[in-house]
Amino acid sequence: NAAARVLGHPILIFSGYRSKKYNKGVSNSDHMTGQAVDMQFPGQNYLDVANWIERNIPTIAGIGRYAPAARWPRGFVHVSFYLSGNGGRIRRWNG
């Protein structure tokens, strides 16, 4: 909600917790422990929002930037977080 208020645009979360069956064999996914979300940002550039999240949300542990493609025409951002903190390290990747 904080990000949506600051950005002035809604955030569409389209994937959060995933069961082992739904996650299709990816055994180390943060989605399977409820510690990850995949999001889109109508009206905003996904890179701008990803950069804002990385600068302003201290509990993130990983951030993936996924470029627009046929399935995701606006691109999307994956954010992983750990309730115990991230030890100051953030994993970054582009999908």
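What you are looking at is a predicted structure, and each value in this text was computed from that prediction instead of being measured. The residue count restarts for each chain, going from 1 along the sequence in the order it is written. For this predicted model, a pLDDT threshold of at least 70 governs which residues receive local features, and a threshold of 80 or more governs which side-chain atom pairs are given and counted, while totals over whole chains, interfaces and linings are taken from all residues. Neither water nor hydrogens contribute to the side-chain values; these are computed over all heavy atoms in the structure.

1. A short note on the pattern of salt bridges
Line of reasoning, step 1. Salt bridges, as used here, are contacts in which a Lys or Arg side-chain nitrogen is within 4 Å of a carboxyl oxygen on Asp or Glu. Enumeration according to the criterion identifies four salt bridges in this entry.
Line of reasoning, step 2. Among the ionic pairs, aspartate 30 bridges to arginine 91, the shortest N-O distance being 2.9 Å. Taken together, the residues aspartate 30 in the loop between β1 (12-15) and β2 (36-40) and arginine 91 in strand β5 (residues 91-94) connect sequence positions 61 residues apart.
Line of reasoning, step 3. We call a residue buried when its accessible area falls under 20% of the maximum for its residue type, exposed when it is over 50%, and partly exposed in between, using a 1.4 Å probe and counting protein chains only. Arginine 91 gets classed as partly exposed once you look at its relative accessible area, which sits at 39%.
Line of reasoning, step 4. Arginine 65 is the partner of glutamate 54 in a salt bridge, and the nearest nitrogen-oxygen pair spans 2.7 Å. Of this pair, glutamate 54 sits in helix α2 (residues 46-56) while arginine 65 is found in strand β3 (residues 60-66), placing the two residues eleven residues apart along the sequence.
Line of reasoning, step 5. A relative accessible area of 10% places arginine 65 in the buried class. The numbering of helices and of strands both runs from the N terminus, where a helix is a DSSP run of H or I of at least 4 residues and a strand a run of E of at least 2.

Geometric values such as these leave the question of function open.
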